[in-house]
Amino acid sequence: MSYRIELLADHDRRNFSCGSIALDRYFREQATQDVRRRLATCFVAVSDEDEVAGFYTLAATSLAFDRLAPEDAKKLPRYPVVPAILLGRLATALAHQGKRLGASLVADAISRSIRSDIVGYAMLVDAKDAKAAAFYQKLGFRSLPDSPLRLVRRL
Ligand SMILES: CC(C)(COP(=O)(O)OP(=O)(O)OC[C@H]1O[C@@H](n2cnc3c(N)ncnc32)[C@H](O)[C@@H]1OP(=O)(O)O)[C@@H](O)C(=O)NCCC(=O)NCCS
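The following refers to the structure shown. (Residues numbered from 1 in each chain as written. Predicted model: local features only at pLDDT ≥ 70, side-chain atom pairs only at ≥ 80, totals over all residues. Heavy atoms only, no water.)

Section: unusual backbone geometry
So, point 1. At D50, a position not held by glycine, the phi torsion is positive, near 60°.
So, point 2. You can see D50 is positioned in the loop between β2 (41–47) and β3 (52–64).
So, point 3. Assessed through its relative accessible area of 55%, D50 is described here as exposed.
So, point 4. Backbone geometry places R100, a non-glycine residue, at a positive phi of 70°.
So, point 5. In this structure, R100 sits in the loop between β4 (81–92) and α3 (101–115). (Helix = DSSP H or I, 4+ residues; strand = E, 2+ residues; numbered from the N terminus. Buried < 20%, exposed > 50% of the residue type's maximum accessible area, 1.4 Å probe, protein only.)

Here we look at the site of the ligand
So, point 1. Around the ligand sit 20 residues, and of these T92, G98, R100, G102 and A103 come closest.
So, point 2. Taking A103, its main chain carries an N or O atom lying 2.8 Å from an oxygen atom of the ligand.
So, point 3. At 2.9 Å, a side-chain N or O of K138 approaches an oxygen atom of the ligand.
So, point 4. The protein chains hide 74% of the 910 Å² of surface that the ligand would expose on its own.
So, point 5. Those elements that place two or more of their residues in the shell around the ligand are β4, α3 and α4 (130–138).
So, point 6. Ranked by the residues each element gives to the shell around the ligand, the list is headed by α4, at six residues. (Near = heavy atom within 4 Å. Polar contact = N/O pair within 3.5 Å; in protein donor to acceptor, adjacent residues only side chain to side chain. Areas by Shrake-Rupley, 256 points an atom, 1.4 Å probe, with all protein chains shown as cover.)

Quick notes on α4
So, point 1. Of the residues making up α4, those classed as buried are A132, A133 and Y136. Take α4 and look down its axis: the buried residues cluster within an arc of 105°, on one side only. Facing away from the buried surface of α4 by more than 90 degrees, the exposed residues are A130, K131 and K138.
So, point 2. At its buried positions, α4 is contacted by β4, α3, β5 (122–126) and β7 (147–154).
So, point 3. One side-chain oxygen at the N-terminal end of α4 lies 3.2 Å from the backbone nitrogen of K131; it belongs to D129.
So, point 4. G140 occupies a position one or two residues after α4 and carries a positive phi of about 95°. (Arc of directions from axis to C-beta. Contact = heavy atoms within 4.5 Å.)

Quick look at the packing of aromatic side chains
So, point 1. Going through the model one piece at a time under the given rule, you end up with seven aromatic pairs.
So, point 2. Ring geometry for F27 versus F55: centroids 4.1 Å apart, planes at 0°, classification stacked. Highlighted residues: F27 in helix α1 (residues 21–36) and F55 in strand β3, separated in sequence by 28 residues.
So, point 3. Given the relative accessible area of 0%, F27 is considered buried.
So, point 4. Above the ring of F27, the side-chain terminus of R13 is found at 5.7 Å from the ring centroid.
So, point 5. A cation sits over an aromatic face here: R89 above Y26, 3.8 Å from the ring centre. (Phe/Tyr/Trp six-rings, centres within 6.5 Å; stacked < 30°, edge-to-face > 60°. Lys NZ or Arg CZ within 6 Å of the ring centre and 35° of its normal.)

Structure follows, in structure tokens:
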């Protein structure tokens, strides 16, 4: 199975189901409004059969300097905050899980963020639970000190 990744437009999201009711509802009911209000961009993965198989959102954010890992902080000027990119939401449809689509979506988010003219020092994610945090850790993210569900990966 191959997928193309494109900006959310008029894709049919009615049957999207990832196993998290909150994420399904966000994708079906809220994502378009967030895009329209410039609160996030949303990318979707579309299967060969034109089925929406996954999505993620990106937005600008910032990270307080004192939340950085000491080894990163010592390489930077002591600005109060550093710019970052928030990978706000990410999910793959149940029928497409376990096929490395989630990892591909994270890789796509990282590569778009690195190519962007607006820089971010790091990518941040808020994992919804410990299992999601374990998924991100496999992909090179590490938990912020004292916040196990907030993870960061340098860009
Ligand atoms: C978490 C989620 C995005 C993973 O997507 P996926 O397409 O199934 O993941 P992939 O097939 O790309 O897996 C990539 C790697 O992460 C691992 N992985 C996947 N889910 C994992 C989990 N819950 N815990 C630990 N590792 C996990 C896979 O085993 C794979 O490891 P490998 O490289 O050793 O083979 C998907 O299960 C999902 O949408 N879940 C519901 C919503 C959710 O939890 N979103 C997370 C954001 S809060």
